[in-house]
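Each chain is listed here by its residues.
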Amino acid sequence: MDITTIIIGLLIVLLIGYTAFFAYDLFKHKDEFEGDTSWWKTGAIGALVNFFDPLGIGAFAPQTALLKFTKQTRDKLIPGTMNVANCIPVLLQALIFTTVVKVEAWTLVVMLAAAMLGAVLGAGVVSRMSEKKIRLVMGFALACTACIMLASLLNLMPIGGDAIGLAGGKLVIAGFVNFILGALMTAGVGLYNPCMVLVYLLGMSPDVAFPIMMGSCAFLMPPASVKFIKEGAYNRKSALSMAIFGSIATLVASLLIKSLPLDVLKWIVVCVTVYTSTVMLRAGFSKGKAHSTAGKAETVEIVD
């Protein structure tokens, strides 16, 4: 049995186990579903954010805004609701792309392990850093990277490639940077887009980033989501609706991504990088306070 098969097996176990745990809690509290929550509004929100999530845009930030705007979930329950609702779509993303996108096994293992270790071991260090400074540095770094990638696409600066694995110094760099990205997740800095950029700059094919970035988050989200479920700190009706429609949207988006030509995918990476840079710089220059939420890869600004 090869390493990739083992990873796929673990993802399946996580998907089945988490779904069963989630379903049990819903059944146990079926009479406590929030009456003011709309199945269709929350379903539409879940479908929208999870359609764009596989492209590397991220779900939590727009999902927070939409839930607050439509008043579908109390503010204090938004972090838990989003973690619980998006866990199944993220596991599906990781399972699909690990299955269909070929990545050299040890490269995948090193980068997944590095991100998980970063999230666990780096949390204490990152928690003492200024979130504002982190966002500003990452925002400027991504802006510069977007310019470099654009120059490459215009044949002004040749970078990128079609490799499906790394070795030697490049693998060490990939593991080290993904460790940092995993740690930065605890400060609310999304892993998806920086990971896409990392893969591209190291000469790998852009589509290889999908199983790496999704797998990194898929192994981190279930524990956080189970904690929210145990504490009852989520809107059950919203989470169920967004999980169902979000999973459907994820499957549709995944089919679309798999059929995209490589050049189109590269342009998408550039566009998402510009978007992510803009969001980070805007948050960095903002005078408001941002409160990090555990889970996927983004910080959610919550005003209680």
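Presented here is a report on the structure given in the accompanying data block. Predicted, not measured: the structure shown is a model, and the values here were computed from it.

Looking at the side chain of Asn86
At step 1: Here Asn86 lies in helix H4 (residues 78–100).
At step 2: Judged by relative accessible area, which is 0%, Asn86 ranks as buried.
At step 3: Here Asn50 takes part through its side chain, which lies 3.2 Å from a polar atom of the side chain of Asn86.
At step 4: Ignoring anything within four residues of it in the chain, the contact list for Asn86 reads Asn50, Ala59, Phe60, Gln63 and Met221.

Some remarks on the packing of aromatic side chains
At step 1: This model, assessed by the stated rule, comprises 6 aromatic pairs.
At step 2: Taking 6.2 Å as the distance between ring centres and 55° as the angle between the ring planes, the aromatic pair formed by Phe22 and Tyr234 counts as tilted. In this pair, Phe22 sits in helix H1 (residues 3–28) while Tyr234 sits in the loop between helix H11 (221–231) and helix H12 (236–258), placing the two residues 212 residues apart along the sequence.
At step 3: Note on Phe51 and Phe52: the rings are 5.3 Å apart at their centroids and 90° apart in plane angle, and the pair reads as edge-to-face.
At step 4: Look at Phe51 and you get partly exposed, because its relative accessible area is 25%.

What about the packing of helix H2 (residues 39–52) against helix H3 (residues 60–70)?
A pair of packed helices can be characterised by two numbers: the angle between their axes and the separation between those axes.
At step 1: H3 packs onto H2 with a crossing angle of 160° between their chain directions and a minimal axis gap of 10 Å. The orientation of H2 with respect to H3, classified from their angle, is roughly antiparallel. Note on packing geometry: the crossing formed by H2 with H3 is right-handed. Where H2 approaches H3, its residues Ile45, Leu48 and Val49 are matched on the opposing element by Pro62, Gln63, Leu66, Leu67 and Thr70.
At step 2: By residue class, the composition of the contact of H2 with H3 is 6 nonpolar, 2 polar and no charged.

Focus: the packing of H4 against helix H10 (residues 209–218)
At step 1: It is the contact of H4 with H10, at a shortest axis distance of 8 Å, that shows an interaxial angle of 145°. Both H4 and H10 take part in a crossing whose hand is left-handed. On the side of H4, the interface is formed by Val90, Leu91, Gln93, Ala94, Phe97 and Thr98, while H10 contributes Phe210, Pro211, Met214, Gly215, Cys217 and Ala218.
At step 2: Within the contact of H4 with H10, the residues separate by chemical class into 9 nonpolar, 3 polar and no charged.

Each value, and the rule that gives it
Residues numbered from 1 in each chain as written. Predicted model: local features only at pLDDT ≥ 70, side-chain atom pairs only at ≥ 80, totals over all residues. Heavy atoms only, no water. Helix = DSSP H or I, 4+ residues; strand = E, 2+ residues; numbered from the N terminus. Buried < 20%, exposed > 50% of the residue type's maximum accessible area, 1.4 Å probe, protein only. Polar contact = N/O pair within 3.5 Å; in protein donor to acceptor, adjacent residues only side chain to side chain. Contact = heavy atoms within 4.5 Å. Phe/Tyr/Trp six-rings, centres within 6.5 Å; stacked < 30°, edge-to-face > 60°. Axes fitted to C-alpha atoms, helices over the stretch in contact; angles between N-to-C directions. Parallel < 35°, antiparallel > 145°, perpendicular 65-115°, else oblique. Left-handed = near helix turned anticlockwise from the far one by under 90°. Nonpolar A, V, L, I, M, F, W, Y, C, P; charged D, E, K, R; others polar.

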